[in-house]
Amino acid sequence: MAFPEDMLTADEHVVLHLHPHWKALVRPVAVTVLAVAAVVAGFLLLPESTAATVVWYVILALALVAVLWFAVRPFAVWRSTHYVFTNERVVLQHGVFSRERRDIPLNRVNDHSMTQRFSERLLGCGTLTIESAGERGQTVLPDLPGVSQVQTQLYELVEAHHDLHSLGDGELREILDEARTGPDQPAPARPDNASPGR
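So, how was this worked out
- Residues numbered from 1 in each chain as written.
- Predicted model: local features only at pLDDT ≥ 70, side-chain atom pairs only at ≥ 80, totals over all residues.
- Heavy atoms only, no water.
- Helix = DSSP H or I, 4+ residues; strand = E, 2+ residues; numbered from the N terminus.
- Buried < 20%, exposed > 50% of the residue type's maximum accessible area, 1.4 Å probe, protein only.
- Pairing = 2+ DSSP bridges.
- Core = buried A, V, L, I, M, F, W, Y, C linked by side-chain atoms within 4.5 Å.
- Contact = heavy atoms within 4.5 Å.
- Phe/Tyr/Trp six-rings, centres within 6.5 Å; stacked < 30°, edge-to-face > 60°.
- Lys NZ or Arg CZ within 6 Å of the ring centre and 35° of its normal.

Draft legend 1. Highlighting the side chain of Ser-132. Considering the arrangement of structural elements, one finds Ser-132 in strand β6 (residues 125-132). Exposure remark for Ser-132: the relative accessible area of 8% places this residue in the buried category.

Draft legend 2. Fine view of the pairing of β6. Across the eight residues that make up β6, a large majority, seven, are buried. Direction of pairing for strand β5 (residues 109-115) relative to β6: antiparallel, over a ladder of six bridges. Its bridge partner lying in β6, Thr-115 is registered against Thr-127. Two strands pair when backbone bridges link them, and β6 and strand β7 (residues 138-145) are joined in this way by six bridges, in the antiparallel orientation. Across the sheet, the residue bridging to Glu-131 is Gln-138, located in β7.

Draft legend 3. Spotlight on the nonpolar core. Within the largest apolar cluster, 17 residues are counted, with the highest numbers of intra-cluster contacts made by Phe-85, Val-90, Leu-128, Ile-130, Leu-141, Leu-144 and Leu-154. The set of elements that each furnish at least two residues to this core consists of β2 (82-86), β3 (89-94), β6, β7 and α4 (147-165). Tallying contributions element by element places α4 first for this core, with five residues. Contacts of Phe-85, omitting those with residues within four sequence positions, involve Val-14, Val-15, Leu-16, Val-90, Leu-128, Leu-141, Val-150, Leu-154 and Leu-157.

Draft legend 4. Broad picture of the packing of aromatic side chains. The final tally for this structure, using the stated rule, is three aromatic pairs. Directly above the aromatic system of Trp-69 lies the positively charged group of Arg-73, at a separation of 4.2 Å from the ring centroid.

Draft legend 5. Structural view of unusual backbone geometry. A positive phi angle, near 50 degrees, is found at Asp-143, a position not held by glycine. Mapped onto the elements of the fold, Asp-143 is located in strand β7. The exposure class of Asp-143 is partly exposed, given its relative accessible area of 26%.

Written as structure tokens, this is what we have:
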């Protein structure tokens, strides 16, 4: 299931679009290989008889069930799980038939941390935890590929968003002057330093 690009706002663009790490697909691939091997072995090794044919069909049925449950289903879950980082928010979406999505605006991100077990360091993945303001304060993104680079990118996105939406001293002074004098009147000129003796 592809990520719907039409959910982005006019000024929003995707910076990172990730699925969980490929290690989630190791078991489905192994199950598929074993199921195919079992079917082929049964076809080649069972003797030609009615009973052997029945046994081969039982092996085929069990292999199909195993592939559907332990290979196709996990692949569909992996493919439909999206970790999307934009210049405005973090979007977490998952679900094959029903869909669940959570948006975390960048201005609500208070903290983020990364954890990696030794095996995850070898595979280049880990867990990213995002602390945000709101009822569901902590969000965990497990099996995130390139987790250290993603955390750095998230930091840069949060800082850039803060800088873009925060006012400088000059802008704040202009707003205060406009509030004092009214929008249609020019702001009062600032007097130069008084000369000595006055």
